[in-house]
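Secondary and tertiary structure notes
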Amino acid sequence: MRINHNIAAMVAQGSSRVQTRNVQSSLEKLSTGLRINRASDDAAGLSVSEQLRSQVRGLKQAQSNASDGIALLQIAEGAANEMSAILQRMRELAIQSSNDTLTCTERTYTNQEFQALMGEMSRISQATQYNGMTLLDGAATSFGTDGGPSVLHIGANNNNNNVSGTIDTMRVQIDSVTLGALGLTLSAGGTISGATAASTLIEPCHFS
C-alpha cells in the first residue's frame, strides 16, 4: 500500500495562502488608509487607535457645540444691542418731552413713539429665539435662565475639578431683558412730570 503525497506542492499552497492574506491585508490598508483595520493587525495598537479616534470625534463634536453656542450668543447680543439703541431713543424722547418748548399736542406725538418703542422692546424680548428656545424673556424654558444656567459641552470628555467645577463644559446665564426686568413700567405720558420720570428711569446703567 502506498500513500501518494507531494510535499513541495503542499508547501507551495500554504505559502500562497499566506501571501494572498498578506496581499489582501495590504490592499485593505491602502484602500482605507489605516494601518490597523482589525484586532488581528495589532491588538494593542487597535485599542490605542480607538481611544484616539474617540477623542478626535469627541473634539469635533465639541467644536460643533461651541460654534452653536457662539451663534446663540451672537443672536442674543444682536437683540440686546438693538434694545439698547431703542432705550437710547426712548431716553431722547423723554428728555425732549420734558422741555417746556413743546406743546401738549407735540408731547402726545413723542409719547406715541415712546409707547411704540416700548412695544418693540417687549416684542424683541419674546421673539429672540434659537432653535425654538427664547433667549431674553427669562422664562423657565428660556436658554440660560436665572433659575438655572444652561450648559455648553465644549470638551471631548466630561472631566470635573474642584476649582471651577467643570473642564469640558461651561455654564451660560442670560439675564432677562424684558420691560419688567429693566423696571420700565412708566409711560412718558403727555406731561412734563411723566417725561421727567421716564428720563430718570432710563439711566445709562440700564443699557450699559
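Above this note sits the structure.
In this report, we go over the structure that sits alongside the text. Worth saying up front: this structure is predicted, and the values here are computed from it rather than measured.

Some details on the overall build of the protein
Within the protein one finds 5 helices and 4 strands. Scanning the protein from its N terminus toward the C terminus, one meets helices and strands in the order α-α-α-β-β-β-β-α-α. Looking at the protein as a whole, 27% of its 208 residues are labelled buried. As displayed, the protein has an accessible area near 13,300 Å², and 53% of this comes from carbon and sulfur atoms.

Overview of the side chain of S125
You can see S125 is positioned in helix α3 (residues 104–127). Within the local environment of S125, its side chain forms a polar contact with the backbone oxygen of S122, the two atoms lying 2.7 Å apart. Excluding residues within four positions of it along the chain, S125 makes contact with M83, L136, D137, V177 and T178.

A look at the side chain of T128
Within the secondary structure, T128 is located in the loop between α3 and β1 (129–130). Residue T128 is classed as buried on the basis of its relative accessible area, which comes to 8%. In terms of polar contacts, T128 uses its side chain to reach the backbone carbonyl oxygen of I124, at 2.6 Å. Beyond its immediate stretch of four places on either side in the chain, T128 contacts I75, A79, M133, T134, L135 and L136.

Describing the pattern of salt bridges
Applying the stated rule across the entire model yields 4 salt bridges. For R89, the salt bridge identified is with E92, shortest N-O distance 3.2 Å. With R89 and E92 both in helix α2 (residues 43–97) and 3 residues apart, this pair spans about one turn of that helix. R89 gets classed as partly exposed once you look at its relative accessible area, which sits at 30%. Its relative accessible area of 45% is what places E92 among the partly exposed residues. Between R89 and E113 there is a salt bridge whose closest N-O contact spans 2.9 Å. Taken together, the positions of R89 in helix α2 and E113 in helix α3 put the pair 24 residues apart, joining distant regions of the chain.

A look at helix α5 (residues 192–201)
Regarding α5, the residues found buried are G194, A195, A198 and S199. Mapping the buried residues of α5 onto a view down its axis gives an arc of 130°, with all of them on the same face. Buried residues along α5 sit in contact with α2 and α3.

Thresholds, definitions, all that
- Residues numbered from 1 in each chain as written.
- Predicted model: local features only at pLDDT ≥ 70, side-chain atom pairs only at ≥ 80, totals over all residues.
- Heavy atoms only, no water.
- Helix = DSSP H or I, 4+ residues; strand = E, 2+ residues; numbered from the N terminus.
- Buried < 20%, exposed > 50% of the residue type's maximum accessible area, 1.4 Å probe, protein only.
- Areas by Shrake-Rupley, 256 points an atom, 1.4 Å probe, with all protein chains shown as cover.
- Polar contact = N/O pair within 3.5 Å; in protein donor to acceptor, adjacent residues only side chain to side chain.
- Contact = heavy atoms within 4.5 Å.
- Salt bridge = Lys/Arg side-chain N within 4 Å of Asp/Glu carboxyl O.
- Arc of directions from axis to C-beta.

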